[in-house]
Amino acid sequence: MLKTINLNNIRIDDPFWSKHVDLVRREIIPYQWDAMNDRIEGAEPSHCLANFEIAAGRREGEFYGAVFQDTDIAKWLEAVGFSLAAYPDEKLEAQADEVIDLIADAQQADGYLDTYFIIKDPSQRWKNLCEGHELYTAGHMMEAAVAYYQGTGKRKFLDVVLRLADLICDTFGSQEGKIHGYPGHQEVEIGLIKLYRITGERKYLEQAKYFIDARGVGENYFMREMSRPDYKRIFPEFAGYTPAYSQSHLPVREQETAEGHAVRAVYMYSAMADLAGEYEDDKLLAACKRLWDNIVTKRMYLTGGIGSSGLLERFTADYDLPNDCNYSESCASIGLAMFGMRMANITEDASYVDVVERALYNTVLAGIALDGRSFFYVNPLEVWPDNCLPRTSKEHVKPVRQKWFGVACCPPNIARTLASLGQYAYAVSEDTLYVNLFISGEVTAELCGARVKAEMETKFPYENAFVLTLSQVPEEGISLALRIPDYSSEYSVGVNGEKASFEKKKGYACLHLAGDGEVCVRFAAPPRFVRANPAVHADCGRVALMKGPLVYCLEEIDNGKNLAALYVSGAAGITEEDSPLFGGCKVLTFDGKRMEEDQWEAGELYAEHKVSLTDVSLRAVPYAYWNNRGRGEMCVWVKELYG
């Protein structure tokens, strides 16, 4: 099983990614700090830190926010930990240490830590696993503590969550006297596995395994929980709850299709993949492969978005991928990337990274504005602002990014993902450096007992080449596994100026490097029109535009109103143009047609007018950057013109 590389051994200095990664420490972390302190004018209040102050006895007040409000500060601290690993900052570290002191003060004597139940409803502790999110919140605390420990070497936060983890291990399990339940929202499994890997304490791994193995076995725990006379509902929409929503409808090894809440699902699948690797559990790994294949071949958007239903933020049916009312929560694409990287590291198969790359370059980036100060929670592929109305089927679709959210899990999740981007770029075995993403910067990796340094230079995704300069390579040499993207052709490798042969293995170009040297990779990946399987009703007869992993879209500001009136031939030529937009990007232009509307009179809704088309020049920009120039229509899929 491949290993990731610690972020303190990775530096990113990239024409495409640096503006996003640097934004985390310069804008996003400070902005989200202000948001959690309720200092953003016009934004929904967070009260997140105030909840901890109340729980710690530092102030009086009532709990405010969602039952999982604590996770906002957990993910913020995780992003801080990742950022400090690469960019030490005494002021930021001191600020985080103060928060950690506050969290420690709020922790109960037995290790319990959840401000909702400490402040609002202590009698319900561990009594509503379906809706209460206690274990979900604990998992994010664990992930944050591990990241902060790795980034700073400080143990205080880690020790806090170890006490919490010990309480969970003492509380849940198959033994008599323990609660025989599991999380309503999966996440703690990921946190427990990370604690095991950082401490070597096996009970944390075994606890994660219990939560996965017990899920969906026998009488459904959540249905039994809800039948109790003292059960207190938290979410009104759970009144029609079914076990598939939380992936507890079947034992995990028997599940065939991705069901229910998309974020819950991919967080669980990520833990399943971790456990499959740790225990060499072939049956669990087979289930992961089935579920992955179901998602990426039948239930995933072109942009790497998942979860097509705005109601309950969930998967629906195969090929049900509507564009203008889908949910595609940013957190769900982050979870998909987490799942994919785990599968890539277990199987050493680059096809998983192809999907990870797609999610990162599209849906994850679209979730945050280029100023780092406004956010999308939902990521549609088509927007007509006039019909994004409250109390309608599209009320969840926002035509502009929001300053903050009352339920704000996505903004800090995006921050922690961008801050940890380097861990998606590389992986290592004992003697092989795996290059997964093409991002300029430096990485130092332990290979064959030596600290090998690799420096990458690239202008990807706008240019399809990179140079990898390696130094401190041991005498016996090392192996390289360079990803061959699924959209590439004419892939070639050169070493020290000479064409090099390589073995193609599971989507990687594999070769041996005998000493220090320069590896140059080139491939073709021109802009292209793509189509969906005709079973995808929403996209039948339409085309979308991609270049490499980037999905492009049309915006009203470039192409006028009523984008639904546009047509394009899939054989149209596509021109790439350099543009100063969005910090420098490639804009794609091509010829199309627009349906004329002049013959329609005001007040005329239906008539027998013949269709008349006019030539137009169309302009597309990366989907990740839509809505950075103001409110307007947007679409990814355009009607295809035949004949």
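Scroll up for the structure.
Some thoughts on the packing of helix α9 (residues 202-214) against helix α11 (residues 262-279)
- Contact geometry for α9 and α11: axes closest at 10 Å, N-to-C directions at 125°. The angle between the axes of α9 and α11 places the two elements in the oblique class. Handedness of the α9/α11 crossing: left-handed. Seen from α9, the contacting residues are Arg 202, Leu 205, Glu 206, Ala 208, Lys 209 and Ile 212; seen from α11, they are Met 268, Ala 271, Met 272, Leu 275, Glu 278 and Tyr 279.
- A per-class count over the contact of α9 with α11 returns eight nonpolar, no polar and four charged.

Some remarks on the nonpolar core
- Core analysis: the largest hydrophobic core is formed by 236 residues, its most contacted members being Trp 17, Trp 76, Leu 433, Leu 470 and Leu 482.
- With twelve residues, α11 is the single largest residue contributor to this core.
- Here Trp 17 is in contact with Ile 12, Leu 360, Tyr 361, Leu 365, Leu 418, Leu 421 and Ile 439, once residues within four sequence places are set aside.

Re the environment of Arg 155
- Its place among the elements puts Arg 155 in the loop between α6 (134-152) and α7 (156-171).
- Take Arg 155: its relative accessible area is 41%, and that puts it in the partly exposed class.
- Separated by 227 residues in the primary sequence, Arg 155 and Glu 382 have C-alpha atoms spaced 46 Å apart.

What about the pattern of salt bridges?
- The final tally for this structure, using the stated rule, is 43 salt bridges.
- Across the pair Glu 640 and Arg 531 runs a salt bridge whose closest N-O atoms are separated by 2.7 Å. One end of the pair, Glu 640, is in strand β22 (residues 638-640); the other, Arg 531, is in the loop between β14 (528-530) and β15 (542-547), and 109 residues separate them in sequence.
- Overall, the relative accessible area of 9% leaves Glu 640 in the buried class.
- Linking Lys 593 and Asp 615 is a salt bridge whose minimum nitrogen-to-oxygen distance equals 2.3 Å. Placement of Lys 593 in strand β19 (residues 585-595) and of Asp 615 in strand β20 (residues 613-622) is noted, with a sequence separation of 22 residues between them.
- Each of the salt bridges in this network shares a partner with another, and the network as a whole consists of Glu 78, Glu 143, Lys 194 and Arg 416.

So, unusual backbone geometry
- Looking along the chain, the bond that leaves Phe 460 and enters Pro 461 is cis, with omega of 10°.
- Relative to the helices and strands, Pro 461 resides in the loop between β6 (450-458) and β7 (465-471).

Some points on the side chain of His 261
- Within the fold, His 261 resides in the loop between α10 (221-226) and α11.
- A polar contact of 3.2 Å, which involves the side chain of His 261, links it to the backbone nitrogen of Arg 264.
- Here His 261 is in contact with His 185, Tyr 245, Gln 247, Leu 312, Glu 313, Arg 314 and Glu 329, once residues within four sequence places are set aside.

Side note on the pairing of strand β9 (residues 489-495)
- Relative to strand β13 (residues 517-524), β9 runs antiparallel, the two sharing five bridges. If you follow Ser 489 over to β13, its bridge partner there is Ala 524.
- Inspection of the sheet shows β9 paired to strand β10 (residues 498-500) by three bridges, in the antiparallel sense. Looking across to β10, one finds that Gly 494 is bridged to Lys 499.
- Following β9, the chain reverses through two residues before pairing antiparallel with β10; Asn 496 in that reversal takes a positive phi of roughly 55°.

Describing the sheet that holds strand β8 (residues 478-483)
- The five strands are arranged β3-β4-β8-β12-β11 in an open sheet whose pairing can be described as mixed. Every interior strand has two partners, whereas the edge strands, β3 (426-428) and β11 (503-505), have only one. Taken over all neighbouring pairs, the strand axes of this sheet differ in orientation by 25° on average, direction set aside.
- The sheet contact formed by β11 and strand β12 (residues 508-513) spans three bridges and is antiparallel. Paired with Lys 505 across the bridge in β12 is Tyr 508.

Brief notes about the packing of helix α2 (residues 48-55) against helix α4 (residues 90-106)
- It is the contact of α2 with α4, at a shortest axis distance of 8 Å, that shows an interaxial angle of 45°. Taken together, the axes of α2 and α4 are oblique relative to one another. At the point where α2 passes α4, the crossing takes the left-handed sense. Counted together, Leu 49, Phe 52, Glu 53 and Ala 55 of α2 and Val 99, Leu 102, Ile 103 and Ala 106 of α4 form the full contact between these two elements.
- For the contact of α2 with α4, the class distribution of residues is seven nonpolar, no polar and one charged.

Focus: α9
- End to end, α9 covers 18 Å across 13 residues, agreeing with the expected 18 Å (1.5 Å per residue, within 8%).
- For α9, the full list of buried residues reads Tyr 204, Leu 205, Gln 207, Ala 208, Tyr 210, Phe 211, Ile 212 and Ala 214.
- If you follow the buried residues of α9, they end up packed against α6, α7, α8 (188-199) and α11.

Points about α7
- When the terminal C-alpha atoms of α7 are compared, their 23 Å separation across 16 residues agrees well with the 22 Å that a helix rising 1.5 Å per residue should span.
- If you check which residues of α7 are buried, you get Phe 157, Leu 158, Val 160, Val 161, Leu 162, Leu 164, Ala 165, Leu 167, Ile 168, Cys 169 and Thr 171.
- Close packing links the buried residues of α7 with α3 (70-86), α4, α6, α8 and α9.
- Note on α7: the residue one or two positions beyond its end, Gly 173, has a positive phi of about 160°.

Concerning the pairing of β6
- On β6, burial follows the alternation: Ala 450, Val 452, Ala 454, Met 456 and Thr 458 on one face are buried, whereas Arg 451, Lys 453, Glu 455 and Glu 457 on the facing-out side are not.
- Bridge analysis of strand β5 (residues 441-447) against β6 gives seven bridges, and the strand direction is antiparallel. Opposite Val 443, over in β6, you have Ala 454 as the bridge partner.
- Connecting the antiparallel pair β5 and β6 is a turn made up of two residues, with Cys 448 showing a positive phi of about 55°.
- Across six bridges, the pairing between β6 and β7 is antiparallel. Opposite Ala 454, over in β7, you have Leu 470 as the bridge partner.
- Linking β6 to β7, which pair antiparallel, is a turn of six residues.

Looking at the environment of Arg 58
- Checked against the element boundaries, Arg 58 lands in the loop between α2 and α3.
- Leave out the neighbours within four places in its chain, and Arg 58 touches Glu 53, Asp 101, Leu 102 and Asp 105.
- Within polar-contact distance, the side chain of Arg 58 engages the side chain of Asp 105 at 2.7 Å.

Cut-offs applied
- Note on numbering: residues in each chain are counted from 1, in written sequence order.
- Where local features are concerned, this predicted model is filtered to residues with pLDDT of at least 70; where side-chain atom pairs are given and counted, the filter is 80 or more; whole-chain, interface and lining totals use all residues.
- As a convention, hydrogens and water are excluded, and side-chain values are obtained from all of the structure's heavy atoms.
- Axes here refer to lines fitted to C-alpha atoms; in helices the fit is confined to the stretch in contact. Angles between the N-to-C directions go from 0 to 180 degrees.
- Helix and strand assignments come from DSSP, with helices taken as H or I runs of at least 4 residues and strands as E runs of at least 2, each series counted from the N terminus.
- In this scheme, roughly parallel covers angles under 35 degrees and roughly antiparallel covers those over 145, while 65 to 115 is roughly perpendicular and the rest are oblique.
- Each crossing gets its handedness from the near helix: less than a right angle anticlockwise from the far helix is left-handed, clockwise is right-handed.
- By definition, residues are in contact when any of their heavy atoms lie within 4.5 Å.
- As a working rule, the residues Ala, Val, Leu, Ile, Met, Phe, Trp, Tyr, Cys and Pro are called nonpolar, Asp, Glu, Lys and Arg charged, and the rest polar, with Gly in that last group.
- Throughout this description, the term nonpolar core refers to a set of buried Ala, Val, Leu, Ile, Met, Phe, Trp, Tyr and Cys residues connected via side-chain atoms within 4.5 Å.
- For every residue, the accessible area (1.4 Å probe, protein chains only) is compared with the maximum for its type, and the residue is labelled buried under 20%, exposed over 50%, or partly exposed between those bounds.
- A carboxyl oxygen of Asp or Glu within 4 Å of a side-chain nitrogen of Lys or Arg is what we treat as a salt bridge.
- Polar contact criterion, stated in full: a pair of N or O atoms within 3.5 Å, where within protein one must be able to donate a hydrogen and the other to accept it, and residues adjacent in sequence count only if both atoms are side-chain atoms.
- Only strands that DSSP links by at least two bridges are regarded as paired with each other.
- Expected span of a helix, by definition, is 1.5 Å for each gap between consecutive residues, and there is one gap fewer than residues.

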